[in-house]
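# Fold and geometry: a report
For reference, the chains in residue letters:
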Amino acid sequence: MKKLLCPLFALLIVLSLSTAAFAADYSAEESANALYELGLFQGTGETANGKPIYSLDAAPTRAQAVTMLVRLLGKEAEAKAGTWTVPFSDLADWARPYVGYAYANGLTNGLSAERFGSDDKVTANQYLTFILRALGYSSERDFQWDKANAFSDSLGLTHGEYRASRSFTRGDTARISYAALAQARKDSSETLAAQLVRQGAVKAKTAAECGLVLAVDSSGFLNIAGSRYTLQNADGKYLAASGDALTLSDKPFAWYALPAAGNSFTLRPDNKRAYMLDVSNAWFEEGNRVGICDGTGHDAQHWKLYQSGKDTWQLVCSLHPELALSASSGGAALQKRGNAGTNWQLTLVGTERDNYMEIEGRSDVITMRLEHRVLDVLSRARLQKWVNDLETAYADYAELTGWTPYRHVYLNMLAPETNWGYAGKDSVI
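Residues numbered from 1 in each chain as written. Predicted model: local features only at pLDDT ≥ 70, side-chain atom pairs only at ≥ 80, totals over all residues. Heavy atoms only, no water.

### Describing the nonpolar core
In terms of nonpolar packing, the biggest core is built from 55 residues, with Leu38, Tyr127, Ile131 and Leu181 touching the most fellow members. Within the residue set of this core, elements represented by two or more residues are helix 2 (28–38), helix 3 (62–72), helix 5 (96–104), helix 6 (124–134), helix 7 (148–155), helix 8 (170–181) and helix 9 (192–199). Membership of the second largest hydrophobic core comes to 25 residues, among which are Leu231, Phe284, Leu305 and Ala332. (Core = buried A, V, L, I, M, F, W, Y, C linked by side-chain atoms within 4.5 Å. Buried < 20%, exposed > 50% of the residue type's maximum accessible area, 1.4 Å probe, protein only. Helix = DSSP H or I, 4+ residues; strand = E, 2+ residues; numbered from the N terminus.)

In structure tokens form, the structure reads like this:
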């Protein structure tokens, strides 16, 4: 009976589409899968089918934790190629390159002048200290290493889960590591993920699919539908919406980016209502104010994204590409592109993953319908595990009761611009 309960529990989670299943914070397994896809995390072995074994419940040692840190930073090859001088006498040969790199770059210290504590279990505060140093913070000036969890909470990297003393696992390192990728480095707007993309340690396409960086193709199209962004000008003001007017705010305001016709997109202040940016007086001329339109009337504006600086973009009117959205008198107006147009700093603040997945059961078939960029939802490995769990649950139920509620589980992968459809028996992942 125990064999049946676990798969059925997984089935109930899948079918309920509960909010928790798509929480903003990844679970340990989802984090490990995403890091694995990015090439920043390895398992402790493989299954017979070649899937990685993460051993997420295992307690990592300090040497293993530093190894994970170096891999997270995309520096494993550099660490292995270097010749490092370290004062520690308790390092195994396999750990020496990783600890050597981390020690030389100020990411870790020993427990004493000669002892690193390689085989000691790493604590939450110790691993958070490694991560915070990698983000540019100092354990001498910015925080105390034994209170790293409090500082991490203040940054939003963690959320109080490490305030109490408890066992620390490889799953915890995966969750913290993945969260760190979306964290801005000290005194910079660049996230750790963006830095890794810039350095070539992570593929930009994969990082964009994970919702970690802003994806812009050759045409300047913002192509992460369902994601939320803030737009900030050079004065530190955020573009915001109040009623049917655009305003500038001191506090971050999240906009939803949704695809429109061609290589353009719409910015909406709400993912429930059909509000769009609109030229309020219906004339596309410089100086005209831009507001919020209820509905999708002919004046509702689509926009294109053009990079204007290292980390800045201009939002260009799709119908009139000579005009860009600019900050003006506390709100927004159309101005000519170039120096007159406002340069906006766009920052990804979240992804509505549930927009990408629907599950429907009918007669004897259950169909999962997803968009092609499944990393915006869950990792590919996680999705396949769900399908496997469902198939196992049905088989066990049929064996016990003699009745088969479903004959097949279909997982259909669709491109972002494709309408929803049903999978057939020959569909493949």
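### Some words on helix 2
Turning to helix 2, its buried residues number three or more, namely Glu30, Ser31, Ala32, Asn33, Ala34, Leu35 and Leu38. The first or second residue beyond helix 2 is Gly39, which carries a positive phi of 80 degrees.

### Let's talk about the packing of aromatic side chains
A complete count under the given rule lists eleven aromatic pairs for this structure. Measuring from ring centre to ring centre gives 6.2 Å for Tyr36 and Tyr54, while their planes differ by 70 degrees; the resulting arrangement is edge-to-face. Of the two residues, Tyr36 is situated in helix 2 and Tyr54 in the loop between strand 2 (52–53) and helix 3; the sequence distance between them amounts to 18 residues. For Tyr36, a relative accessible area of 35% translates into the label partly exposed. The class for Tyr54 is buried, based on a relative accessible area of 9%. Ring plane angle 90 degrees and centroid distance 5.7 Å describe the contact between Trp84 and Tyr101, whose orientation is recorded as edge-to-face. With Trp84 in the loop between helix 4 (76–81) and helix 5 and Tyr101 in helix 5, this pair connects stretches of sequence that are 17 residues apart. Looking at Trp84, the relative accessible area reads 22%, which means it is partly exposed. If you follow Arg62 out to its NZ or CZ, it ends over the ring of Phe116, 4.5 Å from the centre. (Phe/Tyr/Trp six-rings, centres within 6.5 Å; stacked < 30°, edge-to-face > 60°. Lys NZ or Arg CZ within 6 Å of the ring centre and 35° of its normal.)

### Digging into the packing of helix 3 against helix 6
Interaxial distance between helix 3 and helix 6 falls to 11 Å at its minimum, and their mutual angle equals 25 degrees. Taken together, the axes of helix 3 and helix 6 lie roughly parallel to each other. Crossing of helix 3 against helix 6: the hand is right-handed. For the pair helix 3 and helix 6, the contacting residues are Arg62, Ala65, Val66, Met68, Leu69 and Leu72 in the first and Gln126, Tyr127, Phe130, Ile131 and Ala134 in the second. Partitioning the contact of helix 3 with helix 6 into residue classes produces nine nonpolar, one polar and one charged. (Axes fitted to C-alpha atoms, helices over the stretch in contact; angles between N-to-C directions. Parallel < 35°, antiparallel > 145°, perpendicular 65-115°, else oblique. Left-handed = near helix turned anticlockwise from the far one by under 90°. Contact = heavy atoms within 4.5 Å. Nonpolar A, V, L, I, M, F, W, Y, C, P; charged D, E, K, R; others polar.)

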